[in-house]
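Spelled out, the chains give:
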Amino acid sequence: MKIRAEPPPPARDVAEWLRERIRIGRFVPGQRLVEADITRDTSASRSKVREALQRLEAEGLVQIEEFRGASVRQVTLDEVRQIYSARMVLEGLAASEFAARGSAAAKQALGDIQRELDKIAHLGDHERFAVLNANWHKAIVDGGGNDYVRHFLTRLTVPIYRLLFSTFYNAQRIDSANADHRRITAAIVEGRAAEAEQAMRDHIAAGFSALSEIDSHFHE
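Keep in mind that this is a model prediction, so the values were computed, not measured.

## As for the packing of helix α6 (residues 126–144) against helix α9 (residues 171–189)
- It is at 12 Å that the axes of α6 and α9 come closest, and there the two elements cross at 25 degrees. The pairing of α6 with α9 is recorded here as roughly parallel in orientation. Both α6 and α9 take part in a crossing whose hand is left-handed. Note on element contacts: α9 touches α6 through Ala171, Ile174, Asn178, His181, Ile184, Thr185 and Ile188, opposite His126, Phe129, Asn133, Trp136, His137 and Ile140.
- Each residue belonging to the contact of α6 with α9 can be placed in one class, and the counts come to seven nonpolar, six polar and no charged.

Written as structure tokens, this is what we have:
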């Protein structure tokens, strides 16, 4: 009996496979994306891989050059500024909607994350704090219940995901960020929507200021 081969994954799945590896830093800015390697690792056809790369080029994650092929696109400081400006609006909205309409269970879960942040803020575990920070932001976006906000923020943060971790490079930055976290968490839990939104906007702006100081990450 002949065993039917599994169909190759659609281009959108290949794009997601690439997007996730860019997000976690498996593929770093400037790294070439070799079609033959991607075809081997995903079992997709060459045409599907090309289609996926073109999709990611349209999203601004990949750069395709004649005779050189595709590579992970490097972001400039000005592009990061634009991303953070958009984050200020979207995450501010998420915080406001969470405060106004979020469930009690979701607010309790946010409070639990905040307590974990408070516990480790002075332990010098920068990596663990960065992970909890990502969980805290995700809890607020999810708690806001706006699928469009969630979708756009996911796309926005992929190019700068690894950079987000680098903002917690010293104890002073962690203290400042967590003071913001406490204010925002309290405003959300207590239903103060306008205050939650403004505090989140201020928090994102402070994050950009901290990140822009680490100019070795950027290539103009």
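## Structural notes on the pattern of salt bridges
- Scanning the model with the defined rule gives 22 salt bridges in all.
- Measuring nitrogen to oxygen at the nearest pair gives 2.7 Å for the salt bridge that ties Glu59 to Arg19. In this pair, Glu59 sits in helix α3 (residues 46–59) while Arg19 sits in helix α1 (residues 11–23), placing the two residues 40 residues apart along the sequence.
- Since its relative accessible area comes to 28%, Glu59 is described here as partly exposed.
- Put simply, Arg183 and Asp180 hold a salt bridge, and the shortest N to O gap is 2.3 Å. Residue Arg183 and its partner Asp180 are located together in helix α9, separated by three residues, close to a single helical turn.
- The class for Arg183 is partly exposed, based on a relative accessible area of 48%.
- Take Asp180: its relative accessible area is 11%, and that puts it in the buried class.
- Linked through salt bridges whose partners overlap, the residues forming this network are Glu16, Arg19, Glu59 and Arg155.

Analysis parameters
- Residues numbered from 1 in each chain as written.
- Predicted model: local features only at pLDDT ≥ 70, side-chain atom pairs only at ≥ 80, totals over all residues.
- Heavy atoms only, no water.
- Axes fitted to C-alpha atoms, helices over the stretch in contact; angles between N-to-C directions.
- Helix = DSSP H or I, 4+ residues; strand = E, 2+ residues; numbered from the N terminus.
- Parallel < 35°, antiparallel > 145°, perpendicular 65-115°, else oblique.
- Left-handed = near helix turned anticlockwise from the far one by under 90°.
- Contact = heavy atoms within 4.5 Å.
- Nonpolar A, V, L, I, M, F, W, Y, C, P; charged D, E, K, R; others polar.
- Salt bridge = Lys/Arg side-chain N within 4 Å of Asp/Glu carboxyl O.
- Buried < 20%, exposed > 50% of the residue type's maximum accessible area, 1.4 Å probe, protein only.

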